[in-house]
Amino acid sequence: MRYFLVICIGLFFGIHTALTQAPKKSTSSDIYHSLQKLNFLGSALYIAAHPDDENTRLISYLSNEVKARTGYLSITRGDGGQNLIGSELRELLGVLRTEELLAARRVDGGEQFFTRANDFGYSKHPKETLEIWDKEAVLGDVVWILRNFKPDVIVNRFDHRTPGSTHGHHTSSAILSVEAFDLVNDQNAYPEQLDKVSLWQPKRIFFNTSWWFYGSPENFEKADKSKMMHFDVGVYYPMKGLSNNEIASIASSQHLSQGFGRLSSRGSQDEYIELLAGDLPKDESNIFEGIDTSWSRIKGGEAIGKLLYGIEENFDFVNPSKHLPELLQAHKLLIDIEDDHWKQIKLEELQNIIIAVCGLYLEASAEVPNSFPGNTVKINIEALNRSNNSVTLNLVSLAAERYSQNKTLLANNQKKNLVLDLKIPNRQPYTSPYWLTETGSLGMYKVNQPELIGSPETEPPFFAQFELDFNGYSLTIEKPIIHRSSKPDKGELYQPFEIIPEATARFGDRVLIFADGTPKKIPVTITAHKNGIRANVELCHGEGWMVDQEIKEFEIANKGDEKTVEFTLTPPSGENASYITPLIRIDGKELDRELIEIAYDHIPKQTVLLPSEAKVVRLNIEKVGENIGYIMGAGDEVPESLEQIGYTVHLIDPTEIESGSLDKYDAVVTGIRAYNVIEELKFKQRFLLEYVEQGGNLVIQYNTAGRRDTAFKDLAPYPLKLSRDRITNEDSEVKIIATDHSVIIFPNAITNSDFEGWVQERGLYFPDEWDPKFTPILQMNDKGESPTDGALLVAPYGKGNYIYTGISFFRELPAGVSGAYKIFANILSLGKEQIDSTTDIKGK
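To start, this report covers the structure provided alongside it.

Calculation rules
Residues numbered from 1 in each chain as written. Predicted model: local features only at pLDDT ≥ 70, side-chain atom pairs only at ≥ 80, totals over all residues. Heavy atoms only, no water. Phe/Tyr/Trp six-rings, centres within 6.5 Å; stacked < 30°, edge-to-face > 60°. Lys NZ or Arg CZ within 6 Å of the ring centre and 35° of its normal. Pairing = 2+ DSSP bridges. Helix = DSSP H or I, 4+ residues; strand = E, 2+ residues; numbered from the N terminus. Contact = heavy atoms within 4.5 Å. Axes fitted to C-alpha atoms, helices over the stretch in contact; angles between N-to-C directions. Core = buried A, V, L, I, M, F, W, Y, C linked by side-chain atoms within 4.5 Å. Buried < 20%, exposed > 50% of the residue type's maximum accessible area, 1.4 Å probe, protein only. Expected span 1.5 Å × (residues − 1). Salt bridge = Lys/Arg side-chain N within 4 Å of Asp/Glu carboxyl O. Right-handed = clockwise from strand over helix to strand, strands pointing away. Parallel < 35°, antiparallel > 145°, perpendicular 65-115°, else oblique. Nonpolar A, V, L, I, M, F, W, Y, C, P; charged D, E, K, R; others polar. Polar contact = N/O pair within 3.5 Å; in protein donor to acceptor, adjacent residues only side chain to side chain.

Here's the deal with the packing of aromatic side chains
Overall, the coordinates contain 20 aromatic pairs when judged by the stated rule. When the centroid spacing of 5.3 Å and the interplanar angle of 85° are considered together, the rings of Trp212 and Phe213 count as edge-to-face. Taken together, the aromatic side chains of Tyr718, Phe774, Tyr797 and Tyr802 make up a single cluster linked through ring pairs. Across from the ring centre of Phe567, 5.0 Å away, lies the NZ or CZ of Lys552, which sits over that ring.

Okay, here's the thing in structure tokens:
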């Protein structure tokens, strides 16, 4: 009798592996660890708000020591954070941080999930957070994920009982978790989900507390711990050669965009959790007490357990392939289990072990990393059995195409290679993060396919199915089609095989500022993703804007080549903001996408397709000065923005700063968090202040003052103390309190209207104490809070000016916010009032 089963590796609520990483090469110790996890039927879900909120020590402990199926639900993808390693912000940062979370889970053994909530930036209270997120929708997402994952135990990172004491997203994640705990088994709660999932009731829910929530270790020592459990999460794993907290350190160090790279730690370390609901285990170290986590948990599981426990007890580390007959017998029994939830989970785990004990290598690699709908691509198939077990390759299928062939016995270590054709359907969707295919709102991403909610990534577009015969027992194993290549300086590389448009277009700048009525040449760079393109491109624009020629023809001979088509755009006579879009017409299709690649060594390469557009702003602005020196910090797009209004920006290497080297600049600006990330600046500060003393303007953008940050203490020529004060509502009221200061009146008159149309926030990490020599320029506050005057501080020093600002220019300028440009131009023009105020935008 033949048994046939298709298990899709890496699909939603399966074991999420990096589909573009090099395939895992399992040692005997790895196989044994997987077997131990196979024999544990229990699940735990950790819940918090953002990437990097998760406690990797506890996730790793539950996954590797307890052997539980362990997941992390991050309510958001961290889209509203900063980026320490590059310029990606907002939705692109969300893609990067999603991959960093998946990289962390590959280290600590957890799985990863998300809701549709958009990290819109810092929020001071969960009430605001839940209004912007659409609480009912996000709560529904949490319930959906719980009904799918079916955790026995939930652990919250944050305390739902302390609103307003921390980031509103943090508290909201706990509020949603606690409410979902009570709703997940209620048939009247989100009943539309019950067509695809069943009701579920977790056994207990905890809060992952620590001394930090009590203010000090001393306070925590005195706290009532009658409802707490604790574990030593510093346990050592001989088969891994690592302590649990070492694994946790490596996992959290994947959050490089947030500056989480750190030293690993070892040794005994207690972790505490406080019971919120459910019964408290008597054994304070057994979070699963009272829950049957053996094969007896499911009907018919005893016979499977008898086989698998026997393998675990007598595992042969020298020749694990000897266990294949018992593993196949367990597989045969597992197929007939009625419990679909555990059946699908354990079939996938068991199948991976079967592959591993045989040393079976299966790969489908496209000859190119991407293609387009309607094309045909060569797929290189590799199948290799590295054991003495009898394994036969019956056939290989690509998409719906079955490629029949003579059955091939995969003899020990004798590789089988095939080259097959993949025919891509004409209507095949493009590959891009599924939550970015539609335009969402400030607080929510739009997902049209509800079954995708929770999934960390877009499913690969195509799989190869390998039908294998193990001594008369048939299994069909699916592998995603990938692209494998090599580079001399990188070695072997794996990346996803993706479907993209025949051509994509991009502008050089996402924001184009017209400081007067002078037309600008607008280059549109078109990239061909197939050979022999003959097409046209139209520059679509808003009312009042004019273009020299609406449609222009172009040709590109070879795939990968680019062609720049130039349009001349004339702005309206008055101030105006609009958008322009390049529309490519090719072979009866209209294409309007831009292709963006995110490539870092610690994550798989990501391809994102977004609408290709640029904001165009007609702005009446004046400036004084020409040459700006810029010291890049953690990464921002302020230099490009300043060039938009006519400045010449020179990037300064901090190591080259010396006495007199800055005199050629009309102003020097430090990028965001420069003093946090550039150690060299503390040694160059005296030269920066010397520059000010001799008549220069030094503009310091925000630096952080948290417990992990290393901002230089002598940041200013006079006492200045940074705080964590911030204004999170981009529409919060702003008052100009230094109405006669030149930064308000020269060369642009700043009014209240210049604070309209801002994005995400006003600013962050404002100083809260400063020397009287500083003049505070602006006053602002979020609703219900006391005003703060630290957003923009100016102090004369010698012949020049020292300016410290926490205003989020790094967000506002790239977003084309007119008022932000005027304020920044005034800051750079400080001390130059003697220059004729009729100076034109080029600073002549």
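What to know about the sheet that holds strand E44 (residues 800-805)
Pairing is mixed in the open sheet, where seven strands are placed in the order E35-E34-E36-E37-E44-E43-E41. Two strands bound the open sheet, and with one partner strand each, they are strand E35 (648-651) and strand E41 (775-776). In terms of strand pairing, strand E36 (residues 667-670) meets strand E37 (residues 697-701) through four bridges, oriented parallel. Counterpart to Val669 in the pairing with E37 is Val699. Helix H17 (residues 818-828) contacts strand E34 (627-631), E36, E37, strand E43 (792-797) and E44 of the sheet and is inclined by roughly 140° relative to E37.

Looking at the nonpolar core
In terms of nonpolar packing, the biggest core is built from 79 residues, with Leu642, Val668, Leu688, Leu778, Tyr802 and Leu828 touching the most fellow members. Ranked by residue count, the leading element in this core is H17, at seven residues. Dropping the residues within four chain positions of it, Leu642 is found in contact with Ile628, Tyr647, Val649, Leu813, Phe824 and Leu828. In terms of nonpolar packing, the next biggest core, distinct from the first, is built from 56 residues, Ile381, Phe462, Tyr473 and Phe497 among them.

Side note on helix H14 (residues 681-693)
Here H14 is 13 residues long and its end C-alpha atoms lie 18 Å apart, about the 18 Å a rise of 1.5 Å per residue gives. Regarding H14, the residues found buried are Leu681, Lys684, Gln685, Phe687, Leu688, Leu689, Tyr691 and Val692. In this structure, the buried side of H14 is in contact with E34, E36, helix H13 (674-677), E37, E43 and E44. Where H14 ends, the next residue or the one after it, Gly695, has phi of about 120°, a positive value.

Looking at the sheet that holds strand E26 (residues 546-547)
Ordered in space as E22-E24-E28-E26, the four strands form an open sheet in which the pairing is antiparallel. Each edge of the open sheet is held by one strand with a lone partner, namely strand E22 (503-507) and E26. For strand E24 (residues 520-528) and strand E28 (residues 562-570), the ladder comprises eight bridges, and the chain directions are antiparallel. Paired with Pro523 across the two strands is Glu566, which belongs to E28.

Side note on the pattern of salt bridges
On inspection of all chains with the given rule, the structure shows 43 salt bridges. When the shortest N-O distance is used, the salt bridge between Asp152 and Arg297 registers 2.5 Å. Here Asp152, found in the loop between helix H5 (135-149) and strand E5 (153-156), pairs with Arg297, found in the loop between strand E10 (270-278) and helix H9 (301-313); they are 145 residues apart in sequence, far enough to count as distant. For Arg297, a relative accessible area of 23% translates into the label partly exposed. Connected via shared salt-bridge partners are Glu363, Glu382, Arg484 and Glu492.

Thoughts on the pairing of strand E2 (residues 43-48)
For E2, the buried fraction is high: six of the six residues fall into the buried class. A two-sided burial pattern is seen for E2, the buried positions comprising Ser43, Leu45 and Ile47 on one face and Ala44, Tyr46 and Ala48 on the other. Summarising the sheet, E2 and strand E3 (residues 69-74) pair through six bridges and their orientation is parallel. If you follow Ser43 over to E3, its bridge partner there is Arg69. What joins E2 to E3 is helix H2 (residues 56-65), and the crossover it makes is right-handed.

Quick word on unusual backbone geometry
Leave glycine aside and you will find that most residues have negative phi; peptide bonds, for their part, are mostly trans. Going from Phe746 to Pro747, the amide bond is cis rather than trans, its omega being -10°. Turning to its location among the elements, Pro747 is positioned in the loop between helix H15 (742-745) and strand E40 (763-770). Positive phi, close to 70°, is recorded for Asp134, a residue that is not glycine. Phi angles above zero are rare outside glycine, and Asp587 is one such case at about 50°.

A word on the packing of helix H4 (residues 126-133) against helix H6 (residues 168-183)
For any two helices packed against each other, the geometry comes down to the angle between their axes and how far apart the axes lie. As a packed pair, H4 and H6 sit with axes 8 Å apart at the nearest point and diverge in direction by 75°. Between H4 and H6, the angle is such that the two are roughly perpendicular. Between H4 and H6, the contacting residues are Pro126, Thr129, Leu130 and Trp133 on the first element and Gly168, His169, Thr171, Ser172, Ile175 and Leu176 on the second. A class-by-class count of the residues in the contact of H4 with H6 yields five nonpolar, five polar and no charged.

Some thoughts on the environment of Glu812
By the secondary structure assignment, Glu812 is in helix H16 (residues 809-812). What makes Glu812 buried here is its relative accessible area of 0%. Through-space distance from the C-alpha of Glu812 to that of Ser641 is 9.7 Å; in sequence the pair is 171 residues apart. Those residues in contact with Glu812 that lie beyond four places of it in its chain are Trp758, Val759, Glu761, Val817 and Ala820.

Side note on the side chain of His167
Structurally, His167 is set in the loop between E5 and H6. Here His167 falls in the buried class, since its relative accessible area comes to 10%. For His167, the residues in contact, after removing those within four places along its chain, are His50, Gly121, Tyr122 and Ser123.

Some details on H2
Counting buried positions over the 10 residues of H2 gives eight, a clear majority of the element. For H2, the full list of buried residues reads Thr56, Leu58, Ile59, Ser60, Tyr61, Leu62, Ser63 and Asn64. Measuring from the backbone nitrogen of Arg57 back to the side-chain oxygen at the start of H2 gives 3.0 Å, which picks out Asn55 as the cap. Where H2 terminates, the next one or two residues include Lys67, which has phi positive at roughly 75°.

Purely geometric numbers; function is a separate question.
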